[in-house]
Amino acid sequence: MLTSMAFGIFIHRTDSIYDDVPSERYQFPKQYLTRAQQCEGDWIIYLEPSKVKHTKGYFAVAKVQTIVPDPRNADMYLAIIEPGTYLDFGDPVPFRHADDVVEQGLLNDDGKISGRAQAAVRPLSPEDFARIVELGLGQDDNFLPRVDRSVPVGAFQDAYTPFQHLSARERVNQLTNRAVRDRNFRKNVLRAYGERCAITGLRLINGGGRAEAEAAHIRPVEHDGPDIVSNGLALSGTAHWMFDRGLVGLSNDLDILVSRQSNDIDAIKGIINASGKLLTPERPANRPRPEFLTWHRENCFKH
């Protein structure tokens with residue numbers, strides 16, 4: 001039996017006074033409790049308000065696992081995000097698209113934006129949810145995997161499936177699809193790092209116009225690593241291989257560490273950029289989080 005779906009919008013900004021970590025939790029005052037509870041067990045879309053400079057608009061989607069009182073603040077509540085569900089859109093969606101408001105539910109009977117647009121937590125119709133997710137997932141061949149890889153027939157088929165006019169339920173199914181998540185993760189990581197390898201400093205584009213850099217998870221997905229830019233690095237194929245095998249690691253100060261177990265330490269040091277430190281994204285929120293770096297050092301790096 002099909003159950004009804006209750007979607008929502010959570011407004012978030014990186015300089016917020018609230019204790020938000022979008023991939024983990026969203027803090028809100030009691031006045032929004034009833035609205036937030038309607039989304040419990042279902043999906044929400046994050047929106048950065050238009051008054052924020054260089055706003056990302058609708059920038060991510062996540063599933064609300066539960067709503068709980070904030071144990072550190074009696075007047076606040078937390079929407080706990082279900083692990084592994086948060087996904088940054090590969091193509092953030094502006095509030096207006098093609099000269100029209102994307103979130104049609106905000107329009108009143110006269111076709112003008114209503115006061116609902118000011119609510120930090122608000123319901124979202126299934127039609128608006130499907131529309132925003134369609135635009136946010138998008139497809140851009142420049143960010144798809146390199147064309148020189150041999151891909152078996154049928155492999156990653158979902159990555160090339162057109163995403164037009166699907167229902168909200170079908171959109172939800174996409175959000176847990178590994179191929180879809182990998183593509184969006186790669187687009188966001190490469191964009192954040194300017195398509196440049198964060199260890200070597202090289203920015204190489206192949207003959208097909210695609211970046212040679214790959215998106216590496218610092219804490220792998222199979223070990224509960226999230227698909228967020230701060231858990232990602234843009235790395236060349238060689239650097240990615242060495243990072244995954246623990247031949248290189250990172251300190252919390254982003255010094256590039258070389259394993260003493262390597263059979264050619266000098267060769268590895270020779271491909272590291274001259275600063276000896278990781279080359280990071282401009283946006284602080286996109287830089288590697290210490291807890292992921294610590295996990296890699298303790299579980300992957302060969303000391």
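These numbers come from a predicted model, not from an experiment.

Looking only at helices and strands, the chain has 7 helices and 13 strands in total. Burial status across the chain gives 49% buried among its 303 residues. In the chain, once contacts between residues fewer than 6 apart in sequence are set aside, the share between residues at least 24 apart is 66%. Total accessible area computed for the chain in this model is approximately 15,500 Å², and 49% of it derives from carbon and sulfur atoms.

Before going further, it helps to examine the packing of helix H2 (residues 126-137) against helix H3 (residues 168-175). Look at H2 against H3: their axes get within 9 Å of each other, and the N-to-C directions meet at 40 degrees. Compared by their axis directions, H2 and H3 come out oblique. In terms of crossing hand, the pair formed by H2 and H3 is left-handed. Residue-level inspection shows Pro126, Phe129, Ala130, Val133, Glu134 and Leu137 of H2 in contact with H3, the latter providing Ala168, Arg171, Val172, Gln174 and Leu175.

Take empty space enclosed by the protein next. Unfilled space is identified by rolling a water-sized probe across the atoms. Per the stated rule, a full pass over the model turns up 1 cavity of 30 Å³ or more. Here the largest cavity is characterised by a volume of approximately 40 Å³.

Okay, the confidence of the model for the chain next. The predicted model of the chain has a mean per-residue pLDDT of 89, with 89% of residues at 70 or higher. Note on residues 141-163: pLDDT is under 50 here. Beyond four places in sequence and across chains, it has 41 contacts.

Even without a glycine there, the phi angle at His54 is positive, about 55 degrees. With respect to the helices, strands and loops of the structure, His54 is situated in the loop between strand E3 (43-47) and strand E4 (58-69). For Asp224, which is not a glycine, the phi torsion comes out positive at approximately 70 degrees. Counting through the fold element by element, Asp224 comes out in the loop between strand E10 (214-217) and strand E11 (232-235). The exposure class of Asp224 is exposed, given its relative accessible area of 66%.

Here the focus is helix H7 (residues 290-299). Those residues of H7 lying buried are Phe292, Leu293, Trp295, His296 and Arg297. If you follow the buried residues of H7, they end up packed against helix H5 (237-244), strand E12 (248-250) and strand E13 (256-258).

A few words on the nonpolar core. Core analysis: the biggest nonpolar cluster contains 73 residues, and Phe28, Ile45, Tyr46, Tyr58, Phe129, Ile199 and Leu235 have the highest contact counts within it. The dominant element in this core, judged by the number of residues it contributes, is E4, at 7 residues. Once you skip the residues sitting within four places of it in the chain, Leu235 turns out to touch Cys197, Ala198, Ile199, Ala213, Glu214, Ala216, His240 and Phe243.

The next point concerns the environment of Ile271. You can see Ile271 is positioned in helix H6 (residues 265-271). Along the sequence, Ile271 and Ala239 sit 32 residues apart, while their C-alpha atoms lie 8.8 Å from each other. If near-sequence neighbours (up to four positions away) are discounted, Ile271 is found in contact with Ile199, Thr200, Thr238 and Met242.

Right, let's get into the packing of aromatic side chains. All chains considered together, the criterion is met by 9 aromatic pairs. A centroid spacing of 6.1 Å and a plane angle of 55 degrees characterise the contact between Tyr26 and Tyr46, whose relative ring orientation is tilted. With Tyr26 in strand E2 (residues 25-29) and Tyr46 in strand E3, the pair connects residues that are 20 residues apart, well separated along the chain. For the pair Tyr26 and Tyr46, one class covers both residues: buried. Here Tyr58 and Phe95 contribute two aromatic rings whose centre-to-centre distance is 6.4 Å and whose plane-to-plane angle is 10 degrees, an arrangement assigned as stacked. Taken together, the residues Tyr58 in strand E4 and Phe95 in the loop between strand E6 (87-93) and strand E7 (96-97) connect sequence positions 37 residues apart. Residue Tyr58 is classed as buried on the basis of its relative accessible area, which comes to 0%. Among the aromatic residues, those joined into a ring-pair cluster are Phe10, Tyr26, Phe28, Tyr46, Phe59, Tyr77 and Tyr86.

This part takes up the pattern of salt bridges. Once their charged atoms are close, side chains differing in charge can pair, the charge on each being opposite to the other. Scanning the model with the defined rule gives 18 salt bridges in all. Note that Glu48 is salt-bridged to Arg283, the shortest N-O span being 3.4 Å. Of this pair, Glu48 sits in the loop between E3 and E4 while Arg283 is found in the loop between H6 and H7, placing the two residues 235 residues apart along the sequence. Exposure remark for Glu48: the relative accessible area of 2% places this residue in the buried category. For Arg283, a relative accessible area of 28% puts it in the partly exposed group. With a shortest N-O distance of 2.9 Å, Lys277 and Asp255 are connected by a salt bridge. Taken together, the positions of Lys277 in the loop between H6 and H7 and Asp255 in the loop between E12 and E13 put the pair 22 residues apart, joining distant regions of the chain. Several salt bridges share partner residues, and in doing so they unite Asp19, Glu24, Arg25, Asp70, Arg72, Arg289 and Glu291 into one network.

Conventions and cut-offs
- Residues numbered from 1 in each chain as written.
- Predicted model: local features only at pLDDT ≥ 70, side-chain atom pairs only at ≥ 80, totals over all residues.
- Heavy atoms only, no water.
- Helix = DSSP H or I, 4+ residues; strand = E, 2+ residues; numbered from the N terminus.
- Buried < 20%, exposed > 50% of the residue type's maximum accessible area, 1.4 Å probe, protein only.
- Contact = heavy atoms within 4.5 Å.
- Areas by Shrake-Rupley, 256 points an atom, 1.4 Å probe, with all protein chains shown as cover.
- Axes fitted to C-alpha atoms, helices over the stretch in contact; angles between N-to-C directions.
- Parallel < 35°, antiparallel > 145°, perpendicular 65-115°, else oblique.
- Left-handed = near helix turned anticlockwise from the far one by under 90°.
- 1 Å grid on protein atoms, 1.4 Å probe; cavity = no way out; pocket = protein on both sides within 12 Å on 5 of 7 lines; lining within 4 Å.
- Points joined across faces, edges and corners; volume = space filled by probe spheres on them.
- pLDDT = per-residue confidence, 0-100.
- Core = buried A, V, L, I, M, F, W, Y, C linked by side-chain atoms within 4.5 Å.
- Phe/Tyr/Trp six-rings, centres within 6.5 Å; stacked < 30°, edge-to-face > 60°.
- Salt bridge = Lys/Arg side-chain N within 4 Å of Asp/Glu carboxyl O.

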